[in-house]
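# Observations on the model geometry
So you can see what is in the structure, the chains are spelled out below.
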Amino acid sequence: MRLYRSLITPVAGLAATLLIASCGISSAPDAVSTPTTPAPAPGTPPSTPPNTPPSTPPVLGAKKLTVVVAVVDSLMPQEITATTPNLNTLKAEGTFYNESRAIFSAETIPNHVAMMTGVNPARSGIATNNFIDFIDPLNPVERDLSLPEELTANTLFTWIDLQCRVKGINPAIKTGATMSKKYMFEVFAGDAFDPVRANRNPKVFNAIPDTHWDPTTSPAYIGPGFEYTPDAPTMRQALTQLPGADFFFVSIGDVDRFAHALGTAARNAALVTADNEIGNLRTALEDAGRWENTVMIVTSDHGTDIATSPFVNGISTQGMLDALASCFTPMTAVQNGGSDSIYVMDRSLPLAQRQAALRAARACLVGSTDCATLCPVAARPTNAAQIAGAWYTTEDTADPDGTMPASLVSKHPNLGDLVLVAARGFKFSEPDATGNPIPGNHGHPVTFRNTMLISGGSPWVKKGQVIAASTATFSDFDRLPEQAENIDITPTVAWLLGLNIQPADFPEGTGFDGRILNQAFTQFDANPSAASPTVCGRFD
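Description of the structure in this document. (Residues numbered from 1 in each chain as written. Predicted model: local features only at pLDDT ≥ 70, side-chain atom pairs only at ≥ 80, totals over all residues. Heavy atoms only, no water.)

## Description of the nonpolar core
Counted only if it meets this: By convention a nonpolar core is built from buried Ala, Val, Leu, Ile, Met, Phe, Trp, Tyr and Cys residues, the set being connected through side-chain atoms within 4.5 Å. For every residue, the accessible area obtained with a 1.4 Å probe (protein chains only) is divided by the maximum for its type, and the residue is called buried under 20%, exposed over 50%, and partly exposed between those limits. Runs of H or I in DSSP of at least four residues are treated as helices and runs of E of at least two as strands, each being numbered from the N terminus. Residues are treated as being in contact if the distance between any of their heavy atoms lies within 4.5 Å.
Grouped together as the largest cluster of nonpolar side chains are 61 residues, with contacts concentrated most on Phe 247, Phe 249 and Phe 521. A total of seven residues in this core trace back to one element, the largest contributor, which is helix H5 (residues 156-166). Not counting the four nearest positions on each side in its chain, Phe 521 is found in contact with Val 295, Ile 454, Trp 460, Val 461, Lys 462, Thr 492, Trp 495 and Leu 496. One finds Phe 248, Ile 252, Leu 281 and Trp 291 within the second-largest nonpolar core, a separate group that totals 32 residues.

Printed below as a string of structure tokens:
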């Protein structure tokens, strides 16, 4: 979440800007094409690693399946009501998961990546929104975790390219992406985007979507502090890319941005307009005669937590970390709203020395040790009692209480060395109370619950079905076997499109972390191991 890093736009000015951006811009779409990508640097792998095409490709069916994944950023399942008639209709015409879950950290970039990779952050590398980039250890810098080279798992765009085009099965299959937020455009820009900085996983070289819109090119784009294009112009753009796409990924951000900056009332207004845009997406597919062969997954990246007292509910850890530095080593906190990532800045220090500093920071924050006994000038931060969890990303046997819950498969250096989560109604604000004045935040466990709805005109989709939780009492950390998760989207789309991805095809030789959401499809009624209904998106 970048919004709070430089809130330079007054609230009234923001409201006016969003109104103009959504309503006052010409309806003409922005030009879009496949971005020109520079040639890879010497020694880097090609954009599509070599495969041996089958000698006789299978005969493809005459019909094309369209799969659309539409993200309404931060939409919560209880917000689909009569006031959102288009979403409500899709819910009635499809399968709705009462319980669906974001991955941790419940932020925008990691959850969009989870949707498009089917793996947890421990494997994808994209574990949070903002991190400290240590590629130059002498000059570390805080930045968005939107670098394609940090995305160390194959994306769905890459899988479609490898399994259908490179293998010669369906060279004509096409993909597209329209993301309202700048950092979402960046993270899916593919590994040819930067010819100098190679992917951290030498076995991964991600392809770019065939059409990939840069939201900064829109006249409606709102810059520093927000860095996104509002829903109406984003969807207008999406509808220009949709006709050529067999698989299409679109994400709209007004609901999230309004909640961050303006709170509940503005969010409710944005829900109505977001619903209209989802309706426009459906209408375009119907008008093109494609709806009857479309599966549409409507989802969200995370929920949201809106504070009633945004100027007094912050937790700032940087002052305490600076005090501990005189006795241990410098540490820096990077805020992500409901979560906070703490990094030891000198990566050359022995692990034992770094862990000693992190143990001191954790003990001071959770109140297990008086801060002054750890370092005379240290004091526990205001609201530190509202820290709901403090976990190491590298286990420390000397402090087992700092072990991350097993259901959060997010241990990765990009998440920091020590990650904190806030209680409901609280947030992190770094380096001090002025760093995050906004009311709406997410990242912490109370924002894990998200939306998952599978609908569409395809007869394969089961209609009017609600998947309920198997138990009435469960925690934010439980993973129920029937619930949906964002990591389930790519396995589900891969099954629908008949990509035939085997565990051995993965760079690690393993499979997806997510599962096929089989409750939503008629094929699984008779066969729990139903074969894919298409071959690279084609069927009879």
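## Comments concerning the environment of Pro 439
With respect to the element layout, Pro 439 can be found in the loop between strand E17 (427-428) and strand E18 (440-441). Overall, Pro 439 belongs to the buried group, its relative accessible area being 12%. Along the sequence, Pro 439 and Pro 310 sit 129 residues apart, while their C-alpha atoms lie 4.9 Å from each other. When sequence neighbours within four positions are dropped, the list of residues in contact with Pro 439 reads Ala 259, His 260, Ala 261, Leu 262, Gly 263, Asp 305, Ile 306, Ala 307 and Pro 310.

## Comments concerning the sheet that holds strand E9 (residues 247-252)
To be explicit about the condition: Here, strands pair whenever DSSP counts at least two bridges between them. Axes here mean lines fitted to C-alpha atoms, for a helix over just the part in contact, with angles spanning 0 to 180 degrees between N-to-C directions.
Spatially, the eight strands line up as an open sheet ordered E8-E7-E9-E2-E10-E19-E3-E20, and their pairing is mixed. One side of each edge strand has no neighbouring strand; the edge strands of this open sheet are strand E8 (211-213) and strand E20 (465-467). Taking the axes of each pair of neighbouring strands and ignoring which way they run, one obtains an average angle of 10° across the sheet. Here strand E7 (residues 175-179) runs beside E8; their pairing, made up of three bridges, is parallel. Its bridge partner lying in E8, Thr 178 is registered against Trp 213. Against the sheet, helix H2 (residues 85-92) contacts strand E3 (95-97), strand E10 (294-299) and strand E19 (452-455), and its axis sits at roughly 70° relative to E19. Contacts from helix H7 (residues 231-241) reach E7, E8 and E9, with the element oriented near 170° to E9.

## Side note on unusual backbone geometry
It is generally the case that most residues other than glycine have a negative phi and that most peptide bonds are trans. Here the bond from Phe 104 into Ser 105 is cis, since omega is 5°, no more than 30 degrees from zero. Here Ser 105 is to be found in the loop between strand E4 (100-101) and helix H3 (108-117). In this structure, Pro 431 follows Glu 430 across a cis peptide bond, with omega equal to 0°. Of note, the phi angle at Ser 74 is positive, near 75°, even though the residue is not glycine. Here Ser 74 shows up in the loop between strand E2 (66-72) and H2. Ser 74 sits in the buried class, given a relative accessible area of 0%. You will see that Cys 536, though not glycine, has its phi angle at about 50°, which is positive. Within the element layout of this structure, Cys 536 appears in the loop between helix H14 (523-526) and strand E22 (538-539).

## A few points about the packing of aromatic side chains
For the record, the criterion: Classification of ring pairs uses Phe, Tyr and Trp, with its six-membered ring standing for Trp, and accepts pairs whose centres are within 6.5 Å; under 30 degrees between planes counts as stacked, over 60 as edge-to-face, and the remaining range as tilted. Consider the ring centre and the ring normal. A charge sits over the ring if Lys NZ or Arg CZ is within 6 Å of that centre and within 35 degrees of that normal.
A complete count under the given rule lists 13 aromatic pairs for this structure. For the ring pair Trp 391 and Phe 477, a centre distance of 6.0 Å and an interplane angle of 85° mean the geometry is edge-to-face. One end of the pair, Trp 391, is in strand E15 (residues 387-392); the other, Phe 477, is in the loop between E20 and strand E21 (484-485), and 86 residues separate them in sequence. Assessed through its relative accessible area of 6%, Trp 391 is described here as buried. Above the plane of the ring of Tyr 228 lies Arg 257, whose end atom (NZ or CZ) is 5.8 Å from the centre.

## What to know about the side chain of Ser 146
Convention followed: Think of a polar contact as two N or O atoms within 3.5 Å of one another; within protein, one of them needs to be a possible hydrogen donor and the other a possible acceptor, and neighboring residues in sequence only count if both atoms come from side chains.
One can find Ser 146 in the loop between strand E6 (141-144) and H5. Within the local environment of Ser 146, its side chain forms a polar contact with the side chain of Glu 186, the two groups lying 2.7 Å apart. In this structure Ser 146 touches Ile 109, Tyr 183, Glu 186 and Val 187, once residues within four positions along its chain are discounted.

## Quick notes on the sheet that holds strand E13 (residues 331-336)
Spatially, the four strands line up as an open sheet ordered E13-E14-E16-E15, and their pairing is antiparallel. On the outer flanks of this sheet lie E13 and E15, each paired with one strand and no other. Adjacent strand axes in the sheet meet at a mean angle of 20°, parallel and antiparallel pairs treated alike. One ladder, built from four bridges, connects strand E14 (residues 339-344) with strand E16 (residues 418-422); its direction is antiparallel. Within the sheet, the bridge partner assigned to Ser 339 lies in E16 and is Val 421. Here helix H11 (residues 351-366) sits on the sheet and contacts E13, E14, E15 and E16; the angle it forms with E15, its principal contact strand, is near 170°.

## What about the side chain of Thr 490?
Mapping Thr 490 onto the fold places it in helix H13 (residues 489-497). The class of Thr 490 is buried, set by a relative accessible area of 0%. Of note is the side chain of Thr 490, whose polar atom sits 2.6 Å from the backbone oxygen of Met 115. Reaching out from Thr 490, the side chain makes a polar contact with the backbone oxygen of Met 116 at a distance of 3.4 Å.

Treat this as a map of the structure, not an account of what it does.
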